[in-house]
Amino acid sequence: MTFAQRGLTRRQFSVGLASLATATATRAMSETALPVIDTHAHVFHRGLKLAPGRRYAPDYDAPLSLYLEQLDHNGMTNGVLVQPSFLGTDNSYLAGCLKQSSARLRGIAVVDPTVSADELRELDRAGVVGIRLNLVGQPLPDLAAVEWKGLLANVKAMGWQVEIQRNASDLAVLAPQLLDHGVTVVLDHYALPDPKLGVADPGFQSVLKLGATKNVWVKISAPYRNGTEGASFAKEAYPLLRHAYGLDRLLWGSDWPHTQFEATQSYAKNREFLDTLIVDKSERAQVLASPHQLFRF
């Protein structure tokens, strides 16, 4: 029977297949004990307003539909969208994508420290579960300032997390300050030690000690952001992080669409690298599932 005889256009047929794939993935999560979660990805398109002073702006689109395809093709049940730095504090596109995802996705927003509690609650209703401090190339915030105290108090009250991207030597100072405010802390991309020092970086060694707090999580994501030998570093770092944090506080993320590394990276490549990093299937499954409570899945 042809598409015409069925009363379907090719586009309708394709949309139907996409919906079936999403439904299948969602059902897989409900039928198994362990979800499979990608905790770090970005979505955007070129028509969005860009933040002033941005370090980078992509010249391509990475829309929600394409990200959902990556999840489906790689056997992931859920994903977490992180607000890209080049979109600044306008989280409207992020929130819109979360609302379209039927609770399959969660979000991490970027906000101004003076943001109101009402605005945070609106983001919470959309599926946002934390804020991100992307401090690469930025001055360190004064967390003792009135506006930061207010923001972190609201974050704590809502049960959100604070995700930080910064080099390990500064994280060793910032993370304890955040913990003093009673918030949960998530460190991006293996905590970004000095690429020349790798696991010997004193800042990375200090990050390992934070595992004892039981309120810090580390993303084992984007090893390529840790220098040209990022893969080798990741294989050295993983057992140290596993010992310091335990499997339940390590988070895998694809970092899709691998901004500024698009030429050498893909979703499948990063997912396959995880299999070489964590060879034991049950251990790997635990890492992929452990974020479900942190991200409210």
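Before reading on, note that the structure itself is shown above.
The following paragraphs examine the structure supplied in this document.

So, how was this worked out
Residues numbered from 1 in each chain as written. Predicted model: local features only at pLDDT ≥ 70, side-chain atom pairs only at ≥ 80, totals over all residues. Heavy atoms only, no water. Buried < 20%, exposed > 50% of the residue type's maximum accessible area, 1.4 Å probe, protein only. Helix = DSSP H or I, 4+ residues; strand = E, 2+ residues; numbered from the N terminus. Right-handed = clockwise from strand over helix to strand, strands pointing away. Pairing = 2+ DSSP bridges. Phe/Tyr/Trp six-rings, centres within 6.5 Å; stacked < 30°, edge-to-face > 60°. Core = buried A, V, L, I, M, F, W, Y, C linked by side-chain atoms within 4.5 Å. Contact = heavy atoms within 4.5 Å. Salt bridge = Lys/Arg side-chain N within 4 Å of Asp/Glu carboxyl O. Axes fitted to C-alpha atoms, helices over the stretch in contact; angles between N-to-C directions. Parallel < 35°, antiparallel > 145°, perpendicular 65-115°, else oblique.

Further remarks concern the pairing of strand E2 (residues 78-82). Judged by how many residues are buried, E2 sits mostly within the fold: five of five residues are covered. Residues Asn78, Val80 and Val82 line one face of E2 and the alternating positions Gly79 and Leu81 line the opposite face, and both faces are buried. Where the polypeptide runs from strand E1 (residues 37-41) across helix H3 (residues 64-73) and back to E2, its parallel neighbour, the crossover connection is right-handed. When E2 meets strand E3 (residues 105-109), the two strands line up parallel, connected through four bridges. Within the sheet, the bridge partner assigned to Val82 lies in E3 and is Ile108. As for the winding sense of the linkage, the β-α-β connection from E2 through helix H4 (residues 92-100) to E3 is right-handed.

Evaluation of the coordinates by the stated rule reveals eight aromatic pairs. Aromatic pair Tyr56 and Phe86: ring centres 5.9 Å apart, planes at 70 degrees, arrangement edge-to-face. With Tyr56 in the loop between E1 and H3 and Phe86 in the loop between E2 and H4, this residue pair connects regions lying 30 residues apart in the sequence. Ring geometry for Tyr190 against Phe233: centres 5.7 Å apart, planes inclined by 70 degrees, an arrangement best described as edge-to-face. With a gap of 43 residues between them, Tyr190 in the loop between strand E6 (184-187) and helix H8 (202-209) and Phe233 in helix H9 (residues 230-245) connect regions that are remote in the sequence. Judged by its relative accessible area of 1%, Tyr190 falls in the buried class. A network of ring pairs unites the aromatic residues Phe44, Tyr56, Tyr60 and Phe86 as a single cluster.

In this section: the nonpolar core. In terms of nonpolar packing, the biggest core is built from 75 residues, with Leu187, Ile220, Leu241 and Tyr245 touching the most fellow members. Per-element accounting of this core gives the leading share, seven residues, to H9. Leu187 has contacts with Ile164, Leu171, Val207, Val216, Trp217, Val218, Lys219 and Tyr245, leaving out every residue within four places of it along the chain. The next biggest cluster of nonpolar side chains, apart from the first, holds nine residues, and it includes Val129, Val186, Trp217 and Leu251.

For the rest of this paragraph, the subject is the pattern of salt bridges. The final tally for this structure, using the stated rule, is 14 salt bridges. With a closest N to O distance of 3.1 Å, Arg46 and Asp61 form a salt bridge. With a gap of 15 residues between them, Arg46 in the loop between E1 and H3 and Asp61 in the loop between E1 and H3 connect regions that are remote in the sequence. Owing to a relative accessible area of 34%, Asp61 belongs among the partly exposed residues under this scheme. The partner of Asp248 in a salt bridge is Arg249, with the nearest N and O atoms 3.4 Å apart. Sharing partners across several salt bridges, the network here consists of Arg132, Glu163, Asp188 and Lys219.

The next point concerns the packing of H8 against H9. For any two helices packed against each other, the geometry comes down to the angle between their axes and how far apart the axes lie. Contact pair H8 / H9: the axes reach a minimum separation of 9 Å and the direction vectors enclose 30 degrees. With respect to their mutual orientation, H8 and H9 come out roughly parallel. Contact residues: Phe204, Val207 and Leu208 in H8; Phe233, Ala237, Leu240, Leu241, Ala244 and Tyr245 in H9.

Coordinates in, geometry out; function isn't part of it.
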